[in-house]
Amino acid sequence: MEKNRFDMGDIDIAWCPGCGNFRILQTVQETLEKMGKAPEEVVFVSGIGQAAKTPHYMKSHFFNGLHGRALPAATAIKAANPGLTVIAESGDGDMYGEGGNHLIHTMRRNPNITNIVHNNMVYGLTKGQASPTSRLGMVTPVQVHGVFEEPFNPMAMAIAMNASFVARAFSGHPEQTGEIIRQAIEHKGYALVDVFQPCVSFNKMNTLKWFADNTWYVDGSYNPTDRAEAFKTVTAEGKFALGVLYVNERRIPFEENLPAYKRSNTPLYMRSPDREKLAELIATRK
Amino acid sequence: MEKNRFDMGDIDIAWCPGCGNFRILQTVQETLEKMGKAPEEVVFVSGIGQAAKTPHYMKSHFFNGLHGRALPAATAIKAANPGLTVIAESGDGDMYGEGGNHLIHTMRRNPNITNIVHNNMVYGLTKGQASPTSRLGMVTPVQVHGVFEEPFNPMAMAIAMNASFVARAFSGHPEQTGEIIRQAIEHKGYALVDVFQPCVSFNKMNTLKWFADNTWYVDGSYNPTDRAEAFKTVTAEGKFALGVLYVNERRIPFEENLPAYKRSNTPLYMRSPDREKLAELIATRK
Amino acid sequence: MINDVTIVLGGQAGQGIQTIEFILARVLKRSGYHVFSTKEYMSRIRGGQNTITLRAADRPVSALTRHIDILLPLDPGILEHVADRMTVDTVILGDAEALSLDRAVLDAPISRIAREAGGKIYESTAAVGVLAGILEADQTILRDYLRVYFRGKKPKVIDQNCAAADLGYAAGRKLCEDGSLSYSIARDEKTADRILVNGAEAVALGAIAGGCNFISSYPMSPSTGVLTFLASHDDTFDIVAEQAEDEIAAVNMAVAAWYAGARAMATTSGGGLALMGEGISLAGVLETPLVIHLAQRPGPGTGLPTRTEQGDLELALYAGHGEFPRVIYAPGTIEEAFLLSARAFNTAARCQVPVFVLTDQYTMDTYYDIPEFELEAISVEKHIVETNAGYQRYRLTEDGVSPRGVPGYGSGLIAADSDEHDEDGHITESMTVRNAQVDKRLGKMELIMKDPVPPVLTGPEDFRVLLVGWGSTCQPIREGLERSGRTDTAHLHFPQVYPLPHQAQGYLEQAEKVIVVENNATAQFGKLLILHGGREPDGAILKYDGLPFTVEELADAITEID
Amino acid sequence: MINDVTIVLGGQAGQGIQTIEFILARVLKRSGYHVFSTKEYMSRIRGGQNTITLRAADRPVSALTRHIDILLPLDPGILEHVADRMTVDTVILGDAEALSLDRAVLDAPISRIAREAGGKIYESTAAVGVLAGILEADQTILRDYLRVYFRGKKPKVIDQNCAAADLGYAAGRKLCEDGSLSYSIARDEKTADRILVNGAEAVALGAIAGGCNFISSYPMSPSTGVLTFLASHDDTFDIVAEQAEDEIAAVNMAVAAWYAGARAMATTSGGGLALMGEGISLAGVLETPLVIHLAQRPGPGTGLPTRTEQGDLELALYAGHGEFPRVIYAPGTIEEAFLLSARAFNTAARCQVPVFVLTDQYTMDTYYDIPEFELEAISVEKHIVETNAGYQRYRLTEDGVSPRGVPGYGSGLIAADSDEHDEDGHITESMTVRNAQVDKRLGKMELIMKDPVPPVLTGPEDFRVLLVGWGSTCQPIREGLERSGRTDTAHLHFPQVYPLPHQAQGYLEQAEKVIVVENNATAQFGKLLILHGGREPDGAILKYDGLPFTVEELADAITEID
Ligand SMILES: Cc1ncc(C[n+]2csc(CCOP(=O)(O)OP(=O)(O)O)c2C)c(N)n1
Ligand SMILES: Cc1ncc(C[n+]2csc(CCOP(=O)(O)OP(=O)(O)O)c2C)c(N)n1
Ligand code: SF4
Ligand code: SF4
Ligand SMILES: [Mg+2]
Ligand SMILES: [Mg+2]
């Protein structure tokens with residue numbers, strides 16, 4: 001097998017053996033390689049958590065910032081240099097817990113970035129507390145009587161926000177996941193891919209098998225542009241739908257709304273302020 | 001007319017003449033009076049903004065905290081003393097902008113509080129910047145080329161979150177608004193009432209007349225327990241639906257899930273730690 | 001003959017005192033007077049009591065005076081509001097009838113003039129006319145400026161405004177000719193070329209000059225002016241101006257924008273900064289540059305949202321967890337606001353640290369005529385390198401600064417990691433690497449110390465008493481000291497408060513008595529002097545009621561020092 | 001004869017060293033030994049290299065030692081990990097074959113014993129047995145404890161664990177009888193009644209004793225232990241324990257819970273505290289009590305999440321915008337962690353200010369046997385009044401404290417306002433009222449200063465050199481000083497760091513030389529001494545690699561002071 005350009009070679013990875021993160025990492029690397037992306041044009045942005053370590057295991061630019069804050073960072077990076085492919089990749093606690101407000105407003109803003117969420121329904125790195133997506137009844141060291149708060153449904157929320165691309169995948173199905181991620185990266189605008197991922201150390205409830213047993217794929221007959229249908233699909237009782245669940249192609253990406261790029265796409269680092277215009281502006285204050 | 005017990009009498013109110021806030025204030029006071037509530041059992045909780053000043057004009061307990069942070073405060077107050085009627089009342093910027101993450105998670109938590117949002121589609125107190133609900137194209141001192149970010153749809157979001165009570169009202173219709181607020185207060189669990197409110201100083205787009213012209217009421221035939229229908233209703237193009245739009249009676253309020261209230265509803269301020277049990281616990285460490 | 005007149009315009013929010021002031025200040029300046037203007041206002045959109053203080057003088061004036069020569073109250077409530085600023089000499093000007101005060105009012109029939117000119121909406125212009133007449137501003141300049149100001153309006157409206165101004169002007173002149181009033185301010189032809197820029201504009205213009213092309217912020221008084229200014233010029237200067245959902249997003253965007261090669265700033269006030277601490281610490285560990293403009297207002301909590309204070313120096317100094325260097329500038333003049341804002345971007349880029357520009361409401365809302373900014377003096381120092389394959393973002397270097405690459409420029413990969421990291425930017429748990437990286441980061445302090453903005457001494461070199469101030473107290477102290485007439489006292493103003501510039505040492509040692517002057521209750525800069533200047537202040541002049549110092553109260557306080 | 005043995009257990013995360021330590025420490029204590037235990041670990045769930053250091057001694061021991069008497073590595077990588085702690089006398093104990101080291105290993109056939117007992121899962125118990133055998137712990141106590149520890153498991157599993165322990169014990173004894181090892185620690189029958197509680201438990205138990213009935217927090221190492229402890233006892237003590245969506249929610253919940261009459265706490269680490277600044281300032285202006293437990297870890301940014309540091313003293317000191325008083329405790333012993341956490345609630349309630357309990361990862365994860373806590377000494381001081389109709393939340397009083405009512409208790413209405421407010425709690429823009437309320441709030445500092453937790457002196461009263469420390473350095477300095485043998489040196493430990501207790505003055509004045517000892521890079525407490533103690537330290541012993549001080553390195557550093 002040819003070496004994947006995003007592969008870091010023989011490195012120490014801090015995940016537990018058997019963790020679903022490995023599969024996601026590999027799937028993302030293979031998808032980028034297949035898409036012909038080069039490491040120098042891709043920036044991974046993450047928060048803090050087990051999933052958030054992913055960029056360290058990927059040959060590319062990366063910005064491993066603060067817990068919950070990957071989305072504003074990713075938005076800014078894209079806005080500072082629209083030529084980059086920006087992927088915000090982090091965990092469910094990071095994106096849906098601490099980072100919830102950014103999630104809402106990034107969906108409204110619609111930057112052309114891809115948002116991959118490793119959804120293991122638990123806080124891995126901090127040792128097993130409930131995450132917003134933890135299922136009802138899950139007992140943890142903090143939720144000692146079991147989770148009773150309504151599990152967060154990122155798909156329903158994204159559709160309610162009219163996010164421009166909403167998809168769900170499962171780490172156990174690398175092929176389908178790769179295809180979904182490819183579409184997400186190719187989509188122009190904000191694309192959410194929530195990826196179910198087993199945490200073998202702390203989530204004994206939602207295992208690889210549980211995810212396999214409790215998911216199904218939407219098929220060719222599914223129309224992802226029908227918002228009401230999509231909402232019904234993602235809020236239906238029972239198994240979780242996988243695939244590209246909602247797409248709104250009419251929304252304009254954030255960067256394209258910025259006057260700074262009306263004339264050219266030159267990244268900001270190459271620009272300098274227009275001295276003459278500044279002098280003119282100052283002169284108007286006489 | 002009998003004096004309303006929540007009325008402050010002749011006070012200086014810092015709102016602009018003609019502001020929709022006056023009507024909301026009065027409606028809330030009258031509703032509480034009609035419901036037979038006493039000022040000593042009601043706590044108003046607000047953030048910062050024009051709407052957030054409301055509690056200062058209301059005879060009751062109040063906690064006028066930080067911008068965006070009314071919901072965690074309201075949740076805690078209810079959890080510390082479930083006998084209180086807790087109303088979190090603030091503006092759209094406060095609740096949907098700065099406070100967005102708390103909105104998500106308060107809906108998941110489902111405390112038995114009422115959340116009234118004065119939605120004037122603008123930041124009033126800070127002089128007219130766009131709020132999350134500002135409509136496309138609105139020009140402001142910051143959004144100089146017009147708002148291009150997808151307006152936040154609190155109704156759709158709340159339904160996606162499976163919030164237990166979701167309603168929308170209009171300050172121009174005090175009678176209907178009062179009725180909606182009454183139901184919201186009586187509802188057991190988190191109740192969101194988004195109230196359209198004209199800001200005569202900064203929002204020249206969404207005026208009293210505009211709201212009147214661009215809203216309609218769901219009627220008796222509407223089934224607020226049908227989540228998919230409700231979602232369709234609140235995301236339909238065109239005019240905004242008013243009324244109680246979604247109700248989920250199956251959700252248990254936050255406080256009722258707390259072990260502290262399994263045995264009694266005594267407020268926390270009346271309690272003291274059980275010394276004997278503490279001594280026992282410590283003795284297990286020998 | 002009075003050659004320095006203080007006019008106070010007072011009214012409810014929405015009554016239009018700002019229009020009067022805006023036009024009048026410009027017309028007076030163009031007429032050859034030096035002008036100063038500032039305002040104080042309540043946190044409400046309509047009603048309440050707000051005032052604008054405008055000085056017109058024959059020489060540059062740049063500080064707030066307490067006394068009032070002419071008061072123009074559009075609302076009777078203003079009189080109580082400014083009661084402690086009034087003297088027996090204060091002339092109350094206005095519609096005697098409408099105001100119906102129990103004090104003597106010099107009748108300026110503004111409403112009648114407005115009616116004559118065409119209606120109530122011309123009252124502001126009529127008032128401008130009256131005041132321009134009293135001060136004998138150039139009437140042609142007034143007319144010309146009105147035509148510029150009202151351009152875009154219907155010709156009739158423009159004409160009627162001019163008529164209102166003319167009638168007002170005549171009424172104003174008449175009051176003087178009557179002998180009721182008499183001012184005769186010498187003119188200075190150089191004022192025509194001077195500019196009027198308030199603190200908010202100066203910070204924003206300085207930022208543009210320093211290469212700012214990205215601003216992410218959340219509205220918060222009194223910092224919003226910088227955001228709106230940059231947003232309203234985004235297409236001229238290719239600035240990405242984004243209203244963030246909250247201050248946390250704002251600071252994280254700014255840090256990441258720098259990472260990607262932008263020159264970014266966030267503007268906020270104390271409550272917002274209190275939310276940005278983690279993001280500032282992020283910049284500290286990532287070693288990205290970062291510029292934060294902090295316009296202070298009185299706290300704690302929501303405090304007094306539209307008032308002024310210098311209560312957040314310590315917050316800026318210690319915001320963020322963990323240990324990392326930073327720089328804090330605190331402009332005391334409009335020129336400094338411009339220059340230091342520009343410099344902040346270069347310092348941030350050069351040293352890869354967070355740089356604060358500390359102002360306050362008073363600075364934001366104050367202006368006076370100054371010479372046009374010299375753009376030639378300012379360069380945009382990018383401090384970016386083209387990377388190659390082996391690029392290491394956190395390479396250990398002599399001075400602690402690792403050459404900064406940005407994604408897409410060169411073949412290197414740019415790692416930014418908030419964990420403790422090795423030179424490659426990857427997570428480490430090696431204690432040796434940890435020590436090396438801490439030493440590298442903290443070592444940059446030495447580099448920063450090498451190139452400080454020196455403190456500025458005003459007054460006698462052989463001083464015995466030294467008044468020490470920072471930020472917006474600069475001009476009031478200068479004028480207060482001058483008025484006090486003391487010859488044993490000098491004033492040391494710090495445009496850079498942290499790190500404390502080494503040039504301060506000699507002055508502090510020379511002083512028999514160091515008195516700090518601060519717009520706060522706990523003498524925060526005084527504490528900084530103890531810590532970093534090795535000098536405990538001998539006294540403090542403090543004010544924390546939400547208002548700036550006036551020249552008079554400082555003159556009094558300075559006179560009382562023994 | 002060695003009567004103080006340091007055992008280090010090392011392995012990858014997930015290999016079970018914690019089980020060994022947990023059982024062993026309790027069995028040793030019950031057998032009559034004094035024990036100490038602490039751990040250091042990487043920020044990962046599986047793999048890496050983690051160690052636990054366990055001391056068994058004939059007298060109370062309460063600090064980390066660097067040297068290793070017995071190393072039990074479950075993974076060969078551990079040897080490099082602890083290389084600098086090994087001496088020629090260090091005995092490496094383990095499965096010689098499985099480890100295949102190029103150093104001599106004292107063969108303890110743990111895997112063979114486990115296999116004999118029933119399988120690989122008994123390896124931890126076998127290891128416990130071996131170590132218990134070597135130290136000659138009471139075998140009955142060991143067997144009894146295993147039955148308690150494994151209660152709930154199948155009888156066969158329990159029996160096989162006991163068998164593994166017995167076999168291990170025999171093997172351990174054999175090693176001693178062979179003469180390969182020889183320890184003989186004198187027993188102290190009093191240990192049986194002493195308790196083993198780590199810092200996290202001590203803080204949580206203290207909180208309960210102080211009346212804590214509300215905790216809202218967001219998980220963050222190393223502060224989470226306090227949250228999980230309180231959550232796991234929520235039904236026993238009627239505690240509302242809520243995992244907030246973020247730290248901002250956590251602190252706002254805590255403030256509002258106090259408003260409504262709860263006694264609330266938030267537990268967090270530096271990054272979380274950096275997000276709580278605005279909420280802390282809110283408590284400052286609302287004058288609600290607030291208790292924050294801050295377990296420090298190395299920053300800036302994410303830093304070293306599972307390591308220790310004292311780098312956030314200044315953050316705690318200055319967090320929040322505006323000016324308001326606060327109190328900071330920094331327990332140096334397990335007893336202090338308990339007592340000060342309880343006291344924090346009373347101080348907060350009495351003075352209506354935010355009170356911090358500052359700990360760190362080392363404190364959280366460390367325990368040693370101590371006397372049972374005396375609950376009688378602790379009372380829950382509510383400081384709540386029943387209100388009547390005219391109740392004013394912000395009434396001006398002599399000492400600045402306005403009697404605190406809570407909603408629902410009495411007929412008064414309880415206003416809490418984050419704007420500057422009048423005595424009724426309503427928004428004001430009056431400068432007079434502003435001044436009065438600022439003075440009232442800041443005036444409480446005097447009240448706080450009246451009742452400080454005094455610093456604790458250890459060592460000769462006629463010292464010449466004074467080692468000054470705070471928080472978790474307490475015990476290592478004490479033992480380090482003892483070992484150094486210096487008679488001219490004493491140690492002053494500050495359980496309360498702010499406000500600096502007045503009792504410190506005399507000591508600081510007496511000292512010819514003040515040396516601060518801190519687990520950070522910039523001597524933050526040293527700066528506090530300059531500011532509030534009027535004493536510039538003459539030197540500093542600092543460590544900031546993420547690890548706590550060891551007794552030996554402090555003994556060395558102390559010896560070197562001249
Ligand atoms: C401000 C802040 N709060 C809390 C933490 C601690 N923290 C680190 S990772 C994490 C949760 C991670 O959960 P998730 O995002 O689901 O990632 P996973 O480990 O499950 O992949 C938390 C709470 C932090 N680093 N920063
Ligand atoms: C942390 C923080 N950020 C910003 C502000 C400034 N601020 C006060 S009110 C407000 C917006 C208010 O808008 P909204 O909630 O819609 O209320 P309205 O005035 O429209 O009723 C803002 C941004 C603040 N007080 N605190
Ligand atoms: S703790 Fe869970 S999510 Fe983290 S690496 Fe282990 S298995 Fe994966
Ligand atoms: S600014 Fe708008 S919202 Fe505020 S009081 Fe005036 S009209 Fe009402
Ligand atoms: Mg997770
Ligand atoms: Mg609003």
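Fair warning: this is a prediction, and the values are worked out from it, not measured in the lab.

Q: Just to check I follow, could you spell out the overall build of chain C for this structure?
A: Broken down by element type, chain C carries 20 helices and 21 strands. A compact globule built from 562 residues should have a C-alpha radius of gyration of about 24 Å, and chain C, at 26 Å, falls within 12% of that. Taken along its principal axes, the extent of the C-alpha atoms in chain C is 85 × 60 × 40 Å. Expressed as a percentage of the 562 residues in chain C, the buried residues total 70%. Across chain C, contacts joining residues at least 24 apart in sequence account for 74% of those joining residues at least 6 apart. Mean positive and mean negative side-chain charge positions of chain C (48 and 77 charges, respectively) differ by 5 Å.

Q: Sorry, what's going on with the overall build of chain A here?
A: Regarding its fold elements, chain A presents ten helices and eight strands. Taking 19 Å as the expected radius of gyration for a compact globule of 286 residues, we find that chain A reaches 20 Å, a close match to that expectation. Principal axes of the C-alpha set define a box for chain A whose edges measure 70 × 45 × 40 Å. Looking at chain A as a whole, 67% of its 286 residues qualify as buried. Sequence separation of at least 24 residues holds for 70% of the intrachain contacts in chain A that already meet a minimum separation of 6. Accessible area of chain A: about 9600 Å², with a carbon and sulfur share of 51%. Counting 30 positive and 29 negative side-chain charges, chain A places the averaged centre of each group 6 Å from the other.

Q: Explain the side chain of Thr366 of chain D here, please?
A: Residue and element names in this part refer to chain D. The topology assignment puts Thr366 in the loop between α15 (361-364) and β14 (367-370). Polar contacts involving the side chain of Thr366 include one to the side chain of Thr38, which spans 2.7 Å. For Thr366, the side chain forms a polar contact with the main-chain oxygen of Tyr362, separated by 2.4 Å. The residues touching Thr366, leaving out its near neighbours within four places in the chain, are Phe36, Ser37, Thr38, Val197, Asn198, Gly199 and Ile334.

Q: Got a minute to help me understand the relation of the copies chain D and chain C in this structure?
A: In this structure, two copies of a chain are linked by a rotation about an axis accompanied by a shift along it. Once turned by 180° and shifted 0.0 Å along the axis, chain D lies on chain C with an RMSD of 0.1 Å. Both copies are brought into coincidence by an operation consistent with a two-fold rotation axis. Across chain D, the smallest distance between a C-alpha and the rotation axis is recorded for Leu275 of chain D, namely 2.6 Å. Taken together, the interface assignments show that 100% of the residues at the interface of chain D recur at the interface of chain C, consistent with an identical surface on both copies.

Q: I would appreciate a short explanation of the coordination of the magnesium ion (ligand 6) in the present structure.
A: Each pair of donors in an ideal four-coordinate tetrahedral metal site encloses 109.5 degrees, whereas pairs in an ideal six-coordinate octahedral site enclose 90 or 180 degrees. All names here are of chain B. Within the protein, the magnesium ion (ligand 6) binds to Asp92 (OD), Asn120 (OD1) and Val122 (O); these donor distances fall in the range 2.0 to 2.2 Å. Read in sequence order, the donor residues coordinating the magnesium ion (ligand 6) give the pattern D-x27-N-x1-V. We note that Asn120, like Val122, is buried.

Q: Which parts of the structure should I look at to understand the sheet that holds strand β3 (residues 47-57) of chain D?
A: The strands that make up a sheet are held in pairs by hydrogen bonds between backbone atoms, and each pair lies either parallel or antiparallel. All names here are of chain D. As summarised here, the arrangement of the eight strands in space is β6-β5-β4-β1-β3-β2-β14-β7, forming an open sheet in which the pairing is mixed. In the strand order of this sheet, the two ends are held by β6 (106-107) and β7 (195-198), each with one partner. Summarising the sheet, strand β2 (residues 34-40) and β14 pair through two bridges and their orientation is antiparallel. Each residue of the ladder has a partner; that of Phe36, found in β14, is Tyr368.

Conventions we followed
- Residues numbered from 1 in each chain as written.
- Chains lettered and ligands numbered in written order.
- Predicted model: local features only at pLDDT ≥ 70, side-chain atom pairs only at ≥ 80, totals over all residues.
- Heavy atoms only, no water.
- Helix = DSSP H or I, 4+ residues; strand = E, 2+ residues; numbered from the N terminus.
- Rg over C-alpha atoms; globule rule 2.2 N^0.38 Å.
- Buried < 20%, exposed > 50% of the residue type's maximum accessible area, 1.4 Å probe, protein only.
- Contact = heavy atoms within 4.5 Å.
- Lys, Arg positive; Asp, Glu negative; His and termini not counted.
- Charge placed at Lys NZ, Arg CZ, Asp CG, Glu CD.
- Areas by Shrake-Rupley, 256 points an atom, 1.4 Å probe, with all protein chains shown as cover.
- Polar contact = N/O pair within 3.5 Å; in protein donor to acceptor, adjacent residues only side chain to side chain.
- Least-squares fit on C-alpha atoms with pLDDT ≥ 70 in both.
- Donors = N, O, S within 2.8 Å, 3.2 Å for Na, K, Ca; no water.
- Pairing = 2+ DSSP bridges.

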